[in-house]
Amino acid sequence: MPDDNFEKECLLICEGVGDKRFFQKLFLSRGIGGDIEVKSVNENIDGQSGGRGNMGNYLKAVQENENFIENVKIIIIVSDNDEDVNASFLEVQKQLRIADLPVPENVQELVHRRNKKSVAVLMVPPGQIGNLESMCLPAAISKWGLQEELDEWVAATPASTWPLGKQAKVKIQALISAHHKRLPETGFAAHWRSDEQLCTPLNHATFNDVVSFLERVPEMLGR
Amino acid sequence: MKVRDCRTVNLVVGDNGSGKTALLEALFLVAGVSPELISKTRVWRGYEGSRFAGTRDDIIQSVFGDLFYNFDLKLKPKINLRGDQKGETRRLEIAYVPTGTKRIRPPSRDGKIRQVAAENIVDRLRFDYNISNHGDFTVVPEFNEEQIVFNSPSDAVVSASFHASMRNPSTGEMASRFSKLSVNFEARRFIETFCSHFPQVRDISLELWGGNPMLYAEVDGIKDRIPLSNISGGMNKFASILLSIAHQRNGVVIIDEIENGFYYERMKDIWKTIINFSNEYNVQLFVSTHSSECISAFRSAIYDSQVKDIKLLRTVMKNNETIVRAIEGGSFINSIDHNIEIR
């Protein structure tokens, strides 16, 4: 069935399904996000990847939905900083222009334009290079330890020359796999659906900046 | 309600009661030059009976009341069309003049005030048309022996057909249209197109059924030709749509709830043929649907080069008013491709 679920006033759009599940779990864990609907790019298309480069067309598509037109007031775009904080933000700005939406000059800034939804961009990890996995890694290590072992192991693999964000993906993947005895093939995206004891802990301070920003949503909505 | 920049194919969607059918009927009504079309649309909506009893006021309120906003006969409905060929415009304004008296003051040559006369007016309904290149004319329905009679003084019709969602195609109308194609040696094109969709039908011809002309089909495994409508309601509907398009060259064909009667797997090919036929005969389509499958099939039937020729019109009821959201072809297709609901 086509996606018609645009009932809340704030729509948070992230790059992939793993990010979507992270935010849904974070909202439950921190008791926030009551006004926020989380979607990921291309989530309704089988076999189609998400990613920042597809955000523009996805955003164009959702703007034609009647529930979106009627209910959504704010769009929050979430994207990874990857290896270059500025270049990644510039790419998000480009996607917003493709979608003919307001383009913020700065991250976490809410911008408005007549007859358009307001837009803010949240880059993760806030102010640092990396991605969602590198933001989650300190929380995972706080629960399962093994930091030195992970560092040594990655140093012994071809990943040793990879950017830190990609190394973080390798490390957290290994940690999650090693703690899912029944399904070791469980990946980062899927593990958010596991029991609480098998999930990266979301009460960790590494998420506080993101949570602080999202706690401002009611204020952005004029409440 | 305003709808601008309609395209060759206009898909109309929207919730029940949001005004889809009203939009299509308004288009059909102003395309013609006789309010008699109202009687047709009433029948398609399920109203029965062509004889009326009661006062003129009762009959006008019953038969024509829903043409007026909130059934308020003081609020005159107006429908305007503007075409892109030769800048043609058409306007229809409907007015109800209630029973009463009108004061007439005779002209005075000497400045003295004379007695004011009164003229009795019987309530009546006026359909005032203004059509570029044809001027103004008025049609007033008359009540004659419990029937409503319309006299249209003009033939300035737009070639338009309306396929109602709940109505089976008229066999007589189909026969007449087929006959015209046959006379012009165009029937073969229609037959071949039809049979390419339904290969079990080998040929279509015009025969008499109880003295009435009707389309008959030669079908695999059946020794005699049989009425087309006996084989399948969907086939009959498809034939009726193709015949309408061929008949209304340079005109408009309106189809309400196109998906009714068609097997879902056939919808893509049916769309392709309807779109190709409409291009071939230069016919503008206004087609409503409730079906997500039908919209997906439509998308599959559209080539990239045709995207600029399509538009989605979504009727929405907002604060008790119908508004139309118009979505251009590219955005419409993009939303379907992202599996976003656009109905």
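These lines cover the structure that appears in this document, whether it is placed above or below. What you see is a predicted model; the values in this text were computed from it and never measured. Along each chain, numbering runs from 1 in the same order as the chain's sequence is written. As they are written, the chains are lettered A onward and the ligands numbered 1 onward, keeping that order. Given that this is a predicted model, residues contribute local features only at a pLDDT of at least 70 and side-chain atom pairs are listed and counted only at 80 or more, while totals for whole chains, interfaces and linings are drawn from all residues. Here the side-chain values reflect all heavy atoms present in the structure, with hydrogen atoms and water set aside.

1. Quick word on the overall build of chain B
Working definition: helices are DSSP H or I runs of at least four residues, strands are E runs of at least two. Numbering for both runs from the N terminus. A count of helical and extended segments in chain B gives 10 helices and 17 strands. With respect to the principal axes defined by its C-alpha atoms, chain B has extents near 90 × 55 × 35 Å. When each of the 343 residues of chain B is scored for burial, the buried share is 45%. Any two residues whose heavy atoms approach within 4.5 Å at even a single point are treated as in contact. Taking the intrachain contacts of chain B between residues at least 6 apart in sequence as the baseline, contacts between residues at least 24 apart amount to 63%. Each residue gets one of three labels from its accessible area relative to the maximum for its type: buried under 20%, exposed over 50%, partly exposed in between, using a 1.4 Å probe on protein chains only.

2. Comments concerning the interface of chain B and chain A
How big an interface is tends to be stated in terms of accessible area lost as the parts join. The partner chain A presents 18 residues to the 16 residues of chain B that form the contact. Summed over both sides, the interface between chain B and chain A buries roughly 1,500 Å², with carbon and sulfur atoms accounting for 52% of that surface. We count a salt bridge whenever a side-chain nitrogen from Lys or Arg sits within 4 Å of a carboxyl oxygen from Asp or Glu. Between Glu 66 of chain A and Arg 314 of chain B there is a salt bridge, with the nearest N and O atoms lying 2.9 Å from each other. Here a polar contact is taken to be a pair of N or O atoms separated by no more than 3.5 Å, where protein atoms must pair a possible hydrogen donor with a possible acceptor and residues adjacent in sequence count only if both atoms sit in side chains. Where chain B packs against chain A, one counts 11 residue pairs in polar contact (both at pLDDT 80 or more). When residues of the side of chain B that touches chain A are traced back to their parent elements, those giving at least two are strand 16 (310-318), strand 17 (321-328) and helix 10 (329-337) of chain B. Among the elements that line the side of chain B that touches chain A, the one with the most residues is helix 10 of chain B, at 4 residues. By buried area we mean how much accessible surface two parts lose on assembly, using a 1.4 Å probe and totalling the loss over both.

3. Regarding the packing of helix 4 (residues 171-183) of chain B against helix 7 (residues 233-247) of chain B
The angle between the axes and the distance between the axes are what describe a pair of packed helices. Residue and element names in this part refer to chain B. Axes, fitted as lines to C-alpha atoms, cover a helix only where it is in contact. Angles between the N-to-C directions of the axes lie from 0 to 180 degrees. In contact at an axis separation of 10 Å, helix 4 and helix 7 are set at 50° when each is read in the N-to-C sense. Between helix 4 and helix 7, the interaxial angle falls into the category oblique. Our pair here, helix 4 against helix 7, has a crossing hand that is left-handed. Where helix 4 approaches helix 7, its residues Met 174, Arg 177, Phe 178, Lys 180 and Leu 181 are matched on the opposing element by Asn 236, Ala 239, Ser 240, Leu 243, Ser 244, Ala 246 and His 247. Under the convention adopted here, Pro, Cys and the residues Ala, Val, Leu, Ile, Met, Phe, Trp and Tyr are nonpolar, Asp, Glu, Lys and Arg are charged, and Gly plus all remaining residues are polar. In terms of residue class, the contact of helix 4 with helix 7 is built from 6 nonpolar, 4 polar and 2 charged. Roughly parallel refers to an angle under 35 degrees, roughly antiparallel to one over 145, roughly perpendicular to one between 65 and 115, and oblique to any angle outside these ranges. Two helices that cross are described as forming a left-handed crossing if the nearer one is turned anticlockwise from the farther one by less than a right angle, and a right-handed crossing if clockwise.

4. Quick notes on the nonpolar core
One recurring pattern in soluble globular proteins is that nonpolar side chains are buried together. Residues and elements named next belong to chain B. Phe 190, Phe 194, Ile 245, Ile 258, Trp 271, Phe 298 and Phe 332 are the most contacted members of the largest nonpolar core, which totals 54 residues. Here this core takes 8 residues from helix 7, the largest share from any one element. Residues in contact with Phe 194, not counting those within four places in the same chain, are Val 201, Ile 204, Leu 228, Met 235, Phe 238, Ala 239 and Leu 242. In plain words, nonpolar cores are sets of buried Ala, Val, Leu, Ile, Met, Phe, Trp, Tyr and Cys residues tied together by side-chain atoms within 4.5 Å.

5. Remarks on the sheet that holds strand 12 (residues 212-219) of chain B
Residue and element names in this part refer to chain B. Whether two strands pair comes down to DSSP finding at least two bridges between them. Strand order in the open sheet formed by 3 strands is 11-12-13, with antiparallel pairing between adjacent strands. With partners counted over all chains shown, the strands left at the sheet margins are strand 11 (201-209) and strand 13 (226-227), one partner each. Pairing of strand 12 with strand 13 involves 2 bridges; the strand directions are antiparallel. Its bridge partner lying in strand 13, Tyr 216 is registered against Pro 227. The sheet strands contacting helix 4 are strand 11 and strand 12, and the helix crosses strand 12 at an angle near 75°.

6. Here's the deal with the pattern of salt bridges
Using the criterion set out here, one finds 33 salt bridges over all chains in the structure. Its salt-bridge partner being Lys 169 of chain A, residue Glu 133 of chain A comes within 3.8 Å of it at the nearest N-O pair. Taken together, the positions of Glu 133 of chain A in helix 5 (residues 132-144) and Lys 169 of chain A in helix 7 (residues 164-178) put the pair 36 residues apart, joining distant regions of the chain. Judged by its relative accessible area of 11%, Glu 133 of chain A falls in the buried class. For Lys 169 of chain A, a relative accessible area of 36% corresponds to the partly exposed category. Note that Asp 128 of chain B and Arg 126 of chain B form a salt bridge whose closest N and O atoms lie 2.8 Å from each other. Using a relative accessible area of 26% as the deciding quantity, one classes Arg 126 of chain B as partly exposed.

7. Comments concerning helix 8 (residues 267-280) of chain B
Residue and element names in this part refer to chain B. Here the expected length of a helix is defined as 1.5 Å per residue gap, with one fewer gap than residues. Over its 14 residues, helix 8 extends 20 Å from the first C-alpha to the last, a length consistent with the 20 Å expected when each residue adds 1.5 Å. Those residues of helix 8 that fall on the buried side of the exposure criterion are Met 267, Ile 270, Trp 271, Thr 273, Ile 274, Ile 275, Phe 277 and Ser 278. On its buried face, helix 8 is in contact with strand 1 (9-14), helix 5 (187-197), helix 7, strand 15 (284-288) and helix 9 (292-301). Within two residues after helix 8, Asn 282 carries a phi angle of roughly 50°, on the positive side.

8. Digging into the environment of Pro 218 of chain A
Residues and elements named next belong to chain A. Structurally, the position occupied by Pro 218 is in helix 10 (residues 217-220). For Pro 218, a relative accessible area of 32% corresponds to the partly exposed category. Taking the C-alpha atoms as reference points, Pro 218 and Val 103, separated by 115 residues in sequence, lie 21 Å from one another.

9. Some thoughts on the sheet that holds strand 2 (residues 36-40) of chain A
Residue and element names in this part refer to chain A. In space, the 4 strands of this open sheet follow the order 2-1-3-4, with parallel pairing throughout. Edge positions in the open sheet fall to strand 2 and strand 4 (118-124), since each of these has one partner strand only. Pairwise comparison of adjacent strand axes, ignoring direction, gives a mean angle of 20° for this sheet. Relative to strand 4, strand 3 (residues 74-80) runs parallel, the two sharing 7 bridges. When the sheet's bridge partners are listed, Ile 77 is paired in strand 4 with Val 121. Packing against the sheet, helix 1 (residues 17-30) makes contact with strand 1 (10-14), strand 2, strand 3 and strand 4, and its axis sits at approximately 160° to strand 2. Its contacts with the sheet place helix 4 (residues 85-98) against strand 3 and strand 4, and it is angled at close to 155° to strand 4.

10. Side note on unusual backbone geometry
Between Val 124 of chain A and Pro 125 of chain A the backbone carries a cis peptide bond, its omega angle lying at -10°. Considering the arrangement of structural elements, one finds Pro 125 of chain A in the loop between strand 4 and helix 5. Phi angles above zero are rare outside glycine, and Gln 108 of chain A is one such case at about 60°. Positive phi is not limited to glycine here, since Asp 5 of chain B has a value of about 50°. Mapped onto the elements of the fold, Asp 5 of chain B is located in the segment before strand 1.

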